[in-house]
Amino acid sequence: KGDTVTLFVDGASSYIWNPSAGLSSSISDTVQAFPLSNVMYSVLGIDSLGCTSSSSIYINVNDLPTIDVSSPKPEICIGETVLLTATGGFQYSWQPSSSLNSNVGNVVSAIPTINTIYMVIGTDVNSCSSWDTISILVNPLPILSVNSTISTICNGESVILVVSGANTYVWSPFLGLNTSLGNSVIASPNTTTNYFITATDLNGCSDMIFSNVIVNPSPNLSFNPSSASICQGATLQLEAFGANTYTWSPSFGLNTTTSNIVLASPSSSVTYTLVGVDGNNCTDSIDFQLIVGLPPIVTINPPFAVICEGESI
């Protein structure tokens, strides 16, 4: 149906075709026939003497196939593959073919990068063809950003990580996080950790971004001596190790509060707290108890006496 066939007739001088519907002419020896249904054409031939004769031809008009194309997922995310299935024909030809795994067959795989309208031409066993189209909508991936791709903290500290650009977020690993869901988390890992965030937008498209949290250890402080006791009025040298800068408190009885070596001469027992800061600006603290002993109280009894020469007491 819809095709055109050329009909030739000879043997006479003039001709009359019947019926004339679906013909380009009803009086020519050559006509174009485009009937919409099966039809028998008769042609009457008249010679120069007025004698007539007739002949006929049957045109069989085959219906066009009903081609239908479908997809289980007419809307995809960029990078995804979608199947296209055509029915109603015997052979199929697809276009455009640039994003298809094949341009023939009733089932093809499409990986479009932009919105694309695919057309399939289906041909049946009678070599009649028809076509159908399908539109595949391609959604972009979410554009993600995180407030810090690399963070540096000291052991025991926390950092707030915030990601944006999508609708839902899943963090992994869960190590050191207050939650694994949501766009904002508090991260306090005890070792350097690379967090991966899988984010999905309202179209169901997902992408991934990462945030690396570097964890520096706290300084390991120590004293020399590790403990001590002195007599009141005496002085003790204390030396600290393990950091870059030091702060002593209280300042009671110390000659300085900002050196790794101090001279301590408190008048009473005291516990000093040392805060050390290393090259990564990480801190730690340690206590040192210094016991101060009071001098003994010596008394003589009786407090005074008078004796005569040669006497004893």
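The coordinates are above.
Going along each chain's sequence as written, the residues are numbered from 1 onward. At least 70 in pLDDT is required for a residue's local features to be given in this predicted model, at least 80 for side-chain atom pairs to be given and counted, and no such filter applies to totals for whole chains, interfaces and linings, which use all residues. Hydrogens are left out, water is left out, and the side-chain values use all remaining heavy atoms of the structure.

A. How the structure looks around the pattern of salt bridges. Salt-bridge detection follows one rule: a side-chain nitrogen of Lys or Arg within 4 Å of a carboxyl oxygen of Asp or Glu. Summed over the entire model, instances satisfying the criterion amount to two salt bridges. For K1, the salt bridge identified is with D63, shortest N-O distance 3.3 Å. A residue pair is termed long-range when its members are at least 10 positions apart, and K1 in the segment before β1 (5-8) and D63 in the loop between β5 (52-59) and β6 (68-70) qualify at 62 residues. Classification of K1 as partly exposed rests on a relative accessible area of 37%. For D63, a relative accessible area of 53% corresponds to the exposed category. Between E80 and K73 there is a salt bridge, with the nearest N and O atoms lying 3.2 Å from each other. Buried means the residue's accessible area, taken with a 1.4 Å probe over protein chains only, is under 20% of the maximum for its type, while exposed means over 50%, and partly exposed covers the values in between. E80 gets classed as partly exposed once you look at its relative accessible area, which sits at 26%. A helix here means a DSSP run of H or I that spans at least four residues, while a strand means a run of E at least two residues long, and both kinds are numbered starting from the N terminus.

B. A look at the state of the cysteines. Here, two cysteine sulfur atoms that lie within 2.5 Å of each other are counted as a disulfide. This model, assessed by the stated rule, comprises two disulfides. Covalent S-S linkage joins C77 and C205, the inter-sulfur distance amounting to 2.0 Å. Looking along the S-S bond of the C77-C205 disulfide, the torsion reads about -95°, which is the left-handed sense. Remark: C205 occurs in the loop between β18 (193-200) and β19 (206-216) and C77 occurs in strand β7 (residues 75-77); sequence separation between them is 128 residues. Exposure remark for C77: the relative accessible area of 6% places this residue in the buried category. Each disulfide pairs two cysteine sulfurs, and for C154 the partner residue is C282, the sulfurs being separated by 2.0 Å. Where C154 bonds to C282 through sulfur, the torsion about that S-S bond is close to -95°, and the disulfide is left-handed. Placement of the pair is C154 in strand β14 (residues 150-154) and C282 in the loop between β25 (270-277) and β26 (283-293), with a sequence separation of 128 residues. If the cysteines joined by disulfides in the protein chain are listed in sequence order, their pairing comes out as 1-3, 2-4.

C. View of the packing of aromatic side chains. For Phe, Tyr and Trp, rings pair up if their centres lie within 6.5 Å, where Trp contributes its six-membered ring, and each pair is then called stacked (planes under 30 degrees apart), edge-to-face (over 60) or tilted (otherwise). Applying the stated criterion across every chain yields a total of two aromatic pairs. An angle of 45° between the planes, with centres 5.6 Å apart, marks the rings of F223 and W248 as tilted. With F223 in strand β20 (residues 222-224) and W248 in strand β23 (residues 245-249), the pair connects residues that are 25 residues apart, well separated along the chain. Overall, the relative accessible area of 11% leaves F223 in the buried class. Here a set of aromatic residues connected by ring pairs shows up, and it is made of F223, W248 and F288.

D. Representation of the pairing of strand β3 (residues 30-33). Burial along β3 is one-sided: V31 and A33 are buried, while T30 and Q32, pointing the other way, are not. Pairing between strands is defined by DSSP: at least two bridges between the two strands are required. Where β1 lies against β3, four bridges are found, and the strand directions are antiparallel. When the bridges of β3 are listed, L7 appears paired with V31.

E. Structural context of the sheet that holds strand β15 (residues 159-164). In space, the three strands of this open sheet follow the order β13-β15-β17, with antiparallel pairing throughout. The sheet terminates laterally at β13 (145-146) and β17 (184-187), the two strands that pair on one side only.

F. Examining the pairing of strand β9 (residues 91-95) more closely. Only one face of β9 is buried: it carries Y92 and W94, and the other face, with Q91, S93 and Q95, is open. In the sheet, β9 pairs with strand β11 (residues 116-123) via five bridges, with the strands oriented antiparallel. Paired with Y92 across the strands is G122, a residue of β11.

G. Spotlight on the environment of G276. Mapped onto the secondary structure, G276 falls in strand β25. Exposure remark for G276: the relative accessible area of 0% places this residue in the buried category. In contact with G276, not counting residues within four places along its chain, are P219, L221, A243, T245, Y246, C282, T283 and D284. Any pair of residues with heavy atoms lying within 4.5 Å of one another is described as a contacting pair.

H. Here's a closer look at the nonpolar core. The definition of a nonpolar core used throughout is a set of buried Ala, Val, Leu, Ile, Met, Phe, Trp, Tyr and Cys residues joined through side-chain atoms within 4.5 Å. By size, the foremost hydrophobic cluster in this structure holds 19 residues, and its most contacted members are L236, L238, Y246, W248, Y272, F288 and L290. For this core, the secondary structure elements donating two or more residues are β21 (228-231), β22 (236-241), β23, β24 (261-264), β25 and β26. Apart from residues no more than four positions distant in its own chain, F288 is found in contact with F223, P225, S226, S227, A228, L236, L238, V270, T271 and Y272. One finds L161, Y195, I197 and I209 within the second-largest nonpolar core, a separate group that totals 17 residues.

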